[in-house]
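# A closer look at the structure
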Amino acid sequence: DQQVKQNSPSLSVQEGRISILNCDYTNSMFDYFLWYKKYPAEGPTFLISISSIKDKNEDGRFTVFLNKSAKHLSLHIVPSQPGDSAVYFCAASSSGSARQLTFGSGTQLTVLP
Amino acid sequence: SQTIHQWPATLVQPVGSPLSLECTVEGTSNPNLYWYRQAAGRGLQLLFYSVGIGQISSEVPQNLSASRPQDRQFILSSKKLLLSDSGFYLCAWSFQGFQPQHFGDGTRLSIL
């Protein structure tokens, strides 16, 4: 049972435009959400996070939106750059001593020059 | 600042052979440590996590085991590898009780 779902395996966007990556979750106990970016043959790099007490968090070109009622979060990248081309994973965790992360299957973003 | 080291970067092993992957963290004490596996085209699956020396929790039953002999050292092992153990293995750390987790560069394991 996938508790975190990224239904779009790939997304192509023109450079300078907005990239919107989506993620849905089913576990209502999740209270913290993260986005990671991954290049081939490298480990994921933390990008941005949001607590369930917020509905928006912004960091430079990256903004994460959380809709708790819909159990949906999204990552907006504006403007998109070719260097943003990577696989993006969303992840979720619930309170607990180890704060395990549950990951989605990832979305390959390609930003076209 | 904190750094995480994971080795080797790639490994090719025959079926039935043993495995030992090592991960170390520098620049912090008493971190939470994690082992993940990413199968081809899939997300990251948590295999083991540890909140302290000698404390290991397993998330999925499998052919693998983990150990934490020192505060900042996390080892993933197997006595006999299976073909299904192929994948990309990632070690991660976090501060106790806090996110985010920070990942190493991974080990690409191929079983022949």
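Refer to the preceding data block for the structure.
Residues numbered from 1 in each chain as written. Chains lettered and ligands numbered in written order. Predicted model: local features only at pLDDT ≥ 70, side-chain atom pairs only at ≥ 80, totals over all residues. Heavy atoms only, no water.

On to the side chain of B:Gln101. With respect to the secondary-structure elements, B:Gln101 resides in the loop between strand 9 (87-94) and strand 10 (102-103). Note on B:Gln101: relative accessible area 0%, which makes it buried. Polar side-chain contacts of B:Gln101 include one of 2.7 Å to the side chain of B:Tyr36. Those residues in contact with B:Gln101 that lie beyond four places of it in its chain are A:Tyr36, A:Arg99, A:Gln100, A:Leu101, B:Tyr34, B:Tyr36, B:Ala92, B:Trp93 and B:Ser94. (Helix = DSSP H or I, 4+ residues; strand = E, 2+ residues; numbered from the N terminus. Buried < 20%, exposed > 50% of the residue type's maximum accessible area, 1.4 Å probe, protein only. Polar contact = N/O pair within 3.5 Å; in protein donor to acceptor, adjacent residues only side chain to side chain. Contact = heavy atoms within 4.5 Å.)

We now examine the layout of surface pockets. Its volume calculated, the largest pocket comes out at about 680 Å³. Along its surface, the largest pocket is lined by 28 residues, and A:Thr102, A:Phe103, B:Leu44, B:Gln45 and B:Leu46 are the ones closest to its centre. Those elements giving two or more residues to the lining of the largest pocket turn out to be strand 10 (102-103) of chain A together with strand 4 (32-38) and strand 5 (44-52) of chain B. If you tally residues by element for the lining of the largest pocket, the top one is strand 5 of chain B, at 3 residues. Its residues placed into classes, the lining of the largest pocket shows 8 nonpolar, 15 polar and 5 charged. (1 Å grid on protein atoms, 1.4 Å probe; cavity = no way out; pocket = protein on both sides within 12 Å on 5 of 7 lines; lining within 4 Å. Points joined across faces, edges and corners; volume = space filled by probe spheres on them. Nonpolar A, V, L, I, M, F, W, Y, C, P; charged D, E, K, R; others polar.)

Further remarks concern the sheet that holds strand 6 (residues 56-59) of chain A. Through backbone hydrogen bonds, the strands of a sheet pair up, either in parallel or in antiparallel fashion. Residue and element names in this part refer to chain A. The strand order 1-3-8-7-6 describes an open sheet built from 5 strands, whose pairing is antiparallel. Each of the sheet's edge strands pairs with one partner strand only, and the pair in question is strand 1 (4-5) and strand 6. As judged from the 4 bridges shared by strand 6 and strand 7 (residues 62-67), these two strands associate in the antiparallel manner. The partner of Asp 59 across the bridge, within strand 7, is Phe 62. (Pairing = 2+ DSSP bridges.)

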